[in-house]
Each structure stands twice: as structure tokens, then as C-alpha cells.
Amino acid sequence: ETEAEAETLTIELTDSIQNLSVFLSYTVFDDSNALARSIRFRNNGDLALGLRRALSCSVDLPHANFDLVQLSGAWANERHVVKRALAPGLQSVESRRGASSHQQNPFLALLETGAGEDTGQAYGFSLVYSGNFLAQAEVDQFSCTRVSMGINPFEFAWRLESGESFQAPEAIMVYSGEGLGGMSRTYHRLYRTRLCRGHYRDRVRPVLINNWEATYFNFNPEKLTRIASSARELGIELFVLDDGWFGKRDNDHSGLGDWFVNETKLPGGLKSLGEKITAEGMRFGLWFEPEMVSPDSDLYRAHPDWCLHVPDRRRTIARHQLILDFSRDDVCEAVIKMVGDVLQSAPITYVKWDMNRHMTEPGSANLPPERQLELPHRYMLGVYRVMETLTSRFPQILFESCSGGGGRFDPGMLFYMPQTWTSDDTDAVCRLKIQYGTSLVYPASTMGAHVSAVPNHQLGRITSLEMRGHVAMSGNFGYEMDLSTLDDSEKELVAEQVRTYREIAPLVQQGEMYRLLNPFEGNECAWMFVSQDRREAAVFWFRILAQPNPPMNLLKLKGLDPQLDYRRLDNGEILGGDQLMNLGLMCPMEHGDFKSALWRFKATTP
Ligand code: DGJ
């Protein structure tokens, strides 16, 4: 943000035969072991050129003694940590789905053999892009490793007319001599403070209640205000109305594209509902899925050529919907107008921007045949333009991106929206792995995490309200259930969770995260957040299943100041930073599955 904090070297390469210039840019940061790489092509000749491949970085490492770490998964099971030793030849992760995807994240790390969470060398590669990507490591005949990353060359082409340029997205490369933990903290700082932007970047986010799992499509104003009031009584600040408020939308078969309030369902419209909620002292938020259209919608009936499609071919539907062609300016403008009008019509302070299917038949009615392979990237540029327009027109609104949960949890989205709905899986046990994996690259401030009802709607598992609370408090905290159905003691616990979160939110959202126990390796999981001055810490511990006659269990903390004494806030005990980090903290030996704890520490010594 100031001239002093980063410096960019640009190297121009020229191909005099093709009259092409290629600009390689390398940005180094003053206080971060990070390097931002990108590439730009410029056609200096008179003839058009065709780009077939435009990766953003290519790095050679002089050996192959690495494990490749990737974040892979599926819907409701995103960003699981997968580790494998590098082998000769190519190994890659990619998306060909038109979005960065639930299946693979635009990230990979190389971890030097023997390195781990806290020690050894780690190299991270993360692409600031939300569409088709490729990230690969190739081990050659001399056991050297080449890592490259960028827009996926799969079905990609770009026609570069005379005088035109093509700018590829940035890849952010991080080096850590302190294992994966050090790499993650570098990404967290950089992404939290230099990638995310806007009003909420450095502000603590509101605790929210979302009605999705409480009502799905079946709601009326009375139901919604009951959910909002019971949440407000427990200290929750923001009520979010999810899918189902617009067009003809009583299920997921219709209505997308018709961004006009359904007055039959919500008499008085969003204005009346929003004002009622605001008058009660809460803020009001709203769900959209602007990139989509239902075949059963007025928008589709009026503009059947506005969706991605290939002439005369089937238009494959997924979740009963098609994708709007955001490579077209007229489509983007229409969406900006519809969404903008709604945002202006009611006191809306938060938007959840969803996207619930991937691309099939990726063609555009607006592009000539020779430019059809430009569609997936042009689509992304259109999405970014619409997001840029709306987020700058409504700078006070907090935007959260979402894609069937975490199907587009990537740095490209975070540039426009500082938080993302982490996963549609709200089960506390599943969330341990999902949030742990996500934290390899993304800070806790970006991870939407909500307490939901039990039995959990995705799995049927019954976990304790304590554990659900502690898991959700490890991210951007909220609830996704009808709190009026809870008994008094549960309500008391919710009110306590909200109070506690408000106190620790600056730590979780702006502190340094240290991962302590890896849920991919055992029955327990733990992580902690430490303030920048190391005088305050919040430690979360989770045990999934009970164990008979368990061993004594000491949890070693990290990131504290060994010279300082800390007061444990729940029992007043004074413990040295060195003691907490070298000897550890005794974990509870309680009976029962799904146990968790939160310990808070404050330095006592000046
Ligand atoms: C998918 C999202 O991830 C959910 O949270 C919810 O908003 C639904 N879409 C609504 O259709």
C-alpha cells in the first residue's frame, strides 16, 4: 500500500519473428517471504496471434526431495490435506469445471522431505484466480523439479489482435523455513491485509444467523422474524435471509434470474422485512445467486440465448439451472441493474453471493467460432467486473462469496469479498478437517463457520453444542438454525458463546494462527490464535471419540512469548509462556464423544 512495502521487477522478452513481447513480473514484499508472479503478452505485429497456454509462473528447484501437498475434496468435503512424495514425471491438480472447484483448490505446496508443521522448508504456490486452473510439479531426468501454475491450458485459447495484450493472473509463491505453519501464516497475513479490501478488511465481522438450514425454502415473515428475534435476544447482530425470497422460488426448480421480491411470500417486500429487523436492533443480509438462471424463469423466457450453451446441443442442467453468459456485457449490465436495485431497495448490510453449478457446454452466443475457447476466462473476467462494480457501489455492504459451500474458496474471490462460506457441511467433526485444510492458505477471517442443528442435516451426526460452538468460533462465527427451539440451558450457552466470541474475535480474525494437532492424523485436533503482540491467546482443543483409559494428554502451545507469564482466564492460574510451549497444557479427560475446550490466556507481566 506504500511504495516502500513492495517492489516489482519486470523483464521483457521479445520474439522478433512473431513480433511478440512477454513481460514477466516479479513482486517482492519487504516484510513477507512472498513473491507475486505474473505474465503479460503483447502482440506488437500486424497479424493476430493465438495464445494456447499462459501459465503465470514456472519455477525450477534443484532437487526432488519433496512431498507434494494439495487441498482436494468434494462438495461438503472440501480442502482435505493430501500429501504424496514427488515421483518422476508430471503430477498435477487442476480444475476444468469453470470454477476453482470443491474438488481441487488452486494451491500446491512442496514440503522438503522430513519437514513438517513447524520445521523444515516449505514452498507454497497459490493462484489468485477463480476459474479453470492448472498447478503442476514435474520431476525430470536429473531429479530437478519444475513447478508451474496458471490458467488451465485445457480448452483455453486467446486471440491476440495486433496491439492487444493479455494479462495472466498472479501466482503468489511463499517460502517458509518453519514448515507448513510458517507458510500458512505468511499467506494469512498477506491475504488478510493485502488481498482482501474494503470497509471490513480490518474490522471485526458481525456474528450472524442464517435461516437456510432452519427453514430452507419454507418461510414467511412471521417465521423469519421469530428466528431473528430469538437470535437477537442471544446477542446475534445480523440476520441473513437465504435462498427463496425472489421470483417463483419455493424449491430449487425455478426462479433464478428473477431478482424481484416475491410479495406473496413476503408481503411488504424486503423493505418492510429489513426495516422490521433493523428496528429490532439487528442488521439485515440477503442471499443472491446472480450468475445463474432457471429455465423456468421470466429472465430465461425473455432471453434464452443469455445462458452458456452451444447451438443445437443439449443444455445440460445441474441443480435445475443454467449459467448466465457473463462473457457478455449486456448480461453483466442486466445483472448489475437487478442486483443493484434490490440492494438499494432495502436496508441491506450483508450479501451472500452463491454459485451452485459448474460449466457444461461452455459456449457463448456472442463469440465467433474462433473465440469460443476464450469463454471460460471471459466468463471469469465478467464475474470479476460485476463484483467490482457492485462492491464499489455498495462499499458498506459486507460481501461473502459462496459456491455450494466452498466450491470457489480462492484468492480471486477474496479480492472482491473478504469472506467465503467454507462448506455446506456444518457437522462439527467434518468441519475440523475442512477448516484445518482451508487454513493451509486462507486466514480464519475468511472462513464462514456456523453452528447448526443436530442431528446434523448433512450426516445425521449428533455432536455437543459446546463442540459445534468451538468449531464455528474458530472462523467467522454464526448460527444456521432456529434458536427459538432450544431449551433455556442451550440458549444460555448460545448467549455465552456469542459473548465469548465477541471478546476473542480480534484474535481469531486478526491474530496469528498456529495449528497444534492435525485431525488427519488422529482423534484430536487443536489450533490456537495469538495476538500480534503475543500478549493474548485463544486455544481450541477437540476430541472426536472417547477412549477408555486414555493416556495423560499434554497439549504444547506455540507462538507465545517464552519470557512472559500468562493468566489462564477460566481459573486464574499463572503459567509461563515457556512452560505452556515446552511442557504443555493438560487436556480434559472427560467421558463422552465430541468434547472440546477453549482456553484463553492474557499476559500478566509487562
Ligand atoms: C448453497 C449454499 O452453500 C447454502 O448455504 C445455501 O445458500 C444454498 N445454496 C441455497 O440454495
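Please read all numbers here as calculations on a predicted model, not as lab measurements.

A. Main features of the overall build of the protein. Scanning the protein from N- to C-terminus turns up 12 helices and 33 strands. For the protein, the C-alpha radius of gyration of 25 Å lies close to 25 Å, the compact-globule estimate for 606 residues. In terms of principal-axis extent, the alpha carbons of the protein reach across some 75 × 70 × 45 Å. Buried positions account for 59% of the 606 residues belonging to the protein. A sequence separation of at least 24 residues applies to 70% of the contacts in the protein between residues at least 6 apart. Carbon and sulfur atoms make up 50% of the accessible area of the protein, which amounts to about 23,700 Å² in all. Both charge centroids of the protein, one from 61 positive and one from 78 negative side chains, sit 1 Å from each other.

B. Inspection of the sheet that holds strand β26 (residues 512-517) at higher detail. Pairing is antiparallel in the open sheet, where 6 strands are placed in the order β26-β27-β28-β33-β30-β31. This sheet does not close on itself; its edge strands, each paired only once, are β26 and β31 (574-576). Across the sheet, the mean angle separating the axes of adjacent strands is 25° when strand polarity is ignored. Along the sheet, helix α9 (residues 428-438) makes contact with β26, β27 (524-530) and β28 (536-543), crossing β27 at roughly 45°.

C. Focus on the packing of α9 against helix α10 (residues 465-473). At a minimum axis distance of 9 Å, the contact between α9 and α10 shows a crossing angle of 20°. Relative to α10, α9 is oriented roughly parallel. Seen along the crossing, α9 lies across α10 with a hand that is left-handed. Here Ala-428, Val-429, Arg-431, Leu-432 and Gln-435 of α9 come into contact with α10, specifically with Met-467, Arg-468 and Val-471. Residues belonging to the contact of α9 with α10 are distributed by class as follows: 5 nonpolar, 1 polar and 2 charged.

D. How the structure looks around the site of the ligand. In the region of the ligand, 13 residues are neighbours, and Asp-242, Asp-243, Lys-352, Asp-354 and Asp-424 sit closest. Residue Asp-354 places a side-chain N or O atom 2.7 Å away from a nitrogen atom belonging to the ligand. Between an oxygen atom of the ligand and a side-chain N or O atom of Trp-421, the distance comes to 3.4 Å. Protein coverage of the free-state accessible area of the ligand, which is 290 Å², stands at 98%. Here the shell around the ligand is built from residues that sort into 4 nonpolar, 3 polar and 6 charged.

E. Main features of the side chain of Arg-328. In this structure, Arg-328 sits in the loop between β20 (322-323) and α6 (329-345). The exposure class assigned to Arg-328 is buried, which follows from its relative accessible area of 6%. Within the local environment of Arg-328, its side chain forms a polar contact with the backbone oxygen of Asp-305, the two atoms lying 3.3 Å apart.

F. Spotlight on the nonpolar core. Grouped together as the largest cluster of nonpolar side chains are 136 residues, with contacts concentrated most on Phe-166, Phe-239, Leu-241, Trp-245, Tyr-479 and Leu-483. With 9 residues, the single largest contributor to this core is α6. Those residues in contact with Phe-166, other than ones at most four positions away along the chain, are Ile-39, Arg-40, Phe-41, Leu-51, Ala-54, Ile-151, Phe-156, Trp-158, Leu-160 and His-377. Grouped together as the second largest cluster of nonpolar side chains are 26 residues, Ala-36, Val-69, Val-128 and Tyr-442 included.

G. Main features of the pairing of strand β15 (residues 171-176). By the criterion of burial, β15 is predominantly enclosed, with 5 of the 6 residues buried. As defined by bridge partners, strand β3 (residues 32-43) adjoins β15 across 4 bridges and the pair is classed as antiparallel. Its bridge partner lying in β15, Arg-37 is registered against Ala-171. As judged from the 6 bridges shared by strand β10 (residues 122-127) and β15, these two strands associate in the antiparallel manner. Bridging across to β15, Ala-122 finds its partner in Ser-176.

H. Up close: unusual backbone geometry. Cis rather than trans, the peptide bond between Val-454 and Pro-455 has omega equal to -10°. Examined against the element boundaries, Pro-455 turns out to sit in the loop between β24 (447-452) and α10. With a phi angle near 45°, Arg-319 is a residue other than glycine that sits in the positive phi range. Of note, Arg-319 is situated in the loop between α5 (298-302) and β20. With relative accessibility at 27%, the residue Arg-319 sits in the partly exposed group. Phi is positive for Glu-361, close to 45°, though the residue is something other than glycine.

Cut-off values and rules
Throughout this description, residue numbers start from 1 for each chain and increase along the sequence as written. Local features in a predicted model are, by the rule used here, given only for residues with pLDDT of at least 70; side-chain atom pairs are given and counted only at 80 or more, and totals for whole chains, interfaces and linings are based on all residues. Hydrogens and waters are ignored; side-chain quantities use all the structure's heavy atoms. Secondary structure counts use DSSP, requiring at least four H or I residues in a row for a helix and at least two E residues in a row for a strand, with both numbered from the N terminus. Our radius of gyration looks at C-alpha atoms and nothing else; its globule reference is 2.2 Å times the residue count to the power 0.38. Throughout, exposure labels follow a simple rule: accessible area from a 1.4 Å probe, protein chains only, divided by the maximum for the residue type, with under 20% read as buried, over 50% as exposed, and the rest as partly exposed. Note on definitions: a residue-residue contact is assigned when non-hydrogen atoms from the two residues lie within 4.5 Å. Using the Shrake-Rupley algorithm and a 1.4 Å probe, accessible areas are obtained, with residue cover drawn only from the displayed protein chains. For the purpose of counting charges, residues Lys and Arg are taken to be positive, whereas Asp and Glu are taken to be negative. His and the chain ends are not included. In this description, the location of a charge corresponds to atom NZ of lysine, CZ of arginine, CG of aspartate or CD of glutamate. In this analysis, strands are considered paired if DSSP registers two or more bridges between them. Every angle, taken between N-to-C directions, lies between 0 and 180 degrees, and every axis is a line fitted to C-alpha atoms, over only the stretch in contact when it is a helix. Note on terminology: angles under 35 degrees are roughly parallel, angles over 145 are roughly antiparallel, angles of 65 to 115 are roughly perpendicular, and the others are oblique. Crossings are sorted by hand: turned counterclockwise from the far helix by less than a right angle, the near helix makes the crossing left-handed, and turned clockwise it makes it right-handed. Residues were grouped as follows: Ala, Val, Leu, Ile, Met, Phe, Trp, Tyr, Cys and Pro as nonpolar; Asp, Glu, Lys and Arg as charged; and all remaining residues, including Gly, as polar. Nearness here has a simple test: a residue counts as near a molecule or strand if at least one of its heavy atoms is within 4 Å of that partner. Polar contacts, as used here, are pairs of N or O atoms within 3.5 Å; protein pairs need one atom able to donate a hydrogen and one able to accept it. Residues neighboring in sequence count only if both atoms are side-chain atoms. In this description, a nonpolar core means a group of buried Ala, Val, Leu, Ile, Met, Phe, Trp, Tyr and Cys residues linked to one another through side-chain atoms lying within 4.5 Å.

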